[in-house]
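Chain and residue survey
Read off the chains here:
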Amino acid sequence: MTNNFEFDWGLTKNAHENDQYRTLQDGQNNLREIGGQSRSWTWMGLSEYITYTYKDKYLATATISLDGSSRVGDNAINTIKNRDVPFGIFYSGGIAWRLSSESFLKIRPG
C-alpha cells in the first residue's frame, strides 16, 4: 500500500475592518503565513493463519504476520531489515475446547 498526503494552508491578518477576506493578498504582506506538508509512505504486510480441529472438539490456531513500513525509524528495535526497510514480526496463538460437543453435556430424553 502506498499513501500520498498533501496539506496546504494560508493565513492572512488585518485584511478588512470586519475581518473578512477573499484572497490571501487582502492581508498585510508582513503578517501573511503560508505553509503545508507533503508526505508519502509505504506499508506492506504478509500474514499466515493456520487452524487445526480434532474431533470437532479441540481447536488450535496460530497466526504470524510480517509488517514493514517506511514510517518506522531506521533504529527500530526488534525488527528484521530487508533493503534497509524494517519489518516487525507479530504472532499469536490460541486453543479452544468446544464443550457442547462433549457427551456429558448432551441432554438425554427422559
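Predicted, not measured: the structure shown is a model, and the values here were computed from it.

**Describing the pairing of strand β3 (residues 58-69)**
Regular strands place their side chains on alternate faces of the sheet. In terms of strand pairing, strand β2 (residues 33-54) meets β3 through 12 bridges, oriented antiparallel. Note on β3: the bridge partner recorded for tyrosine 54 is tyrosine 58. Where β2 folds back onto β3 in an antiparallel hairpin, the turn is made up of 3 residues, including lysine 55, whose phi is positive at roughly 55°. With 11 bridges connecting them, β3 and strand β5 (residues 85-97) associate as antiparallel partners. Within the sheet, the bridge partner assigned to tyrosine 58 lies in β5 and is tryptophan 97.

**Description of the packing of aromatic side chains**
Counted under the stated rule, the structure contains 1 aromatic pair. Judged by centre distance (6.3 Å) and plane angle (25°), the rings of tyrosine 54 and tyrosine 58 are stacked. A relative accessible area of 41% means that tyrosine 54 is categorised as partly exposed. When its relative accessible area of 37% is taken as the criterion, tyrosine 58 is described as partly exposed.

**A word on the confidence of the model for the protein chain**
Of all residues in the protein chain, 83% attain a pLDDT of 70 or more, and the chain-wide mean is 82. Looking across the protein chain, the model is least confident in strand β4 (residues 80-82), with a mean pLDDT of 80, and most confident in β3, with 93.

**A word on the sheet that holds β4**
Read across the open sheet, the 5 strands follow the order β1-β2-β3-β5-β4; overall the sheet is antiparallel. Pairing within the sheet leaves two strands with one partner each, and these edge strands are β1 (2-11) and β4. Taken pair by pair, the neighbouring strands of this sheet meet at an average axis angle of 30°, ignoring direction. Sheet topology places β4 next to β5; 3 bridges connect them, and they run antiparallel. Bridge pairing in β5 places lysine 81 opposite proline 86.

Cut-offs used in this document
- Residues numbered from 1 in each chain as written.
- Predicted model: local features only at pLDDT ≥ 70, side-chain atom pairs only at ≥ 80, totals over all residues.
- Heavy atoms only, no water.
- Pairing = 2+ DSSP bridges.
- Helix = DSSP H or I, 4+ residues; strand = E, 2+ residues; numbered from the N terminus.
- Phe/Tyr/Trp six-rings, centres within 6.5 Å; stacked < 30°, edge-to-face > 60°.
- Buried < 20%, exposed > 50% of the residue type's maximum accessible area, 1.4 Å probe, protein only.
- pLDDT = per-residue confidence, 0-100.
- Axes fitted to C-alpha atoms, helices over the stretch in contact; angles between N-to-C directions.

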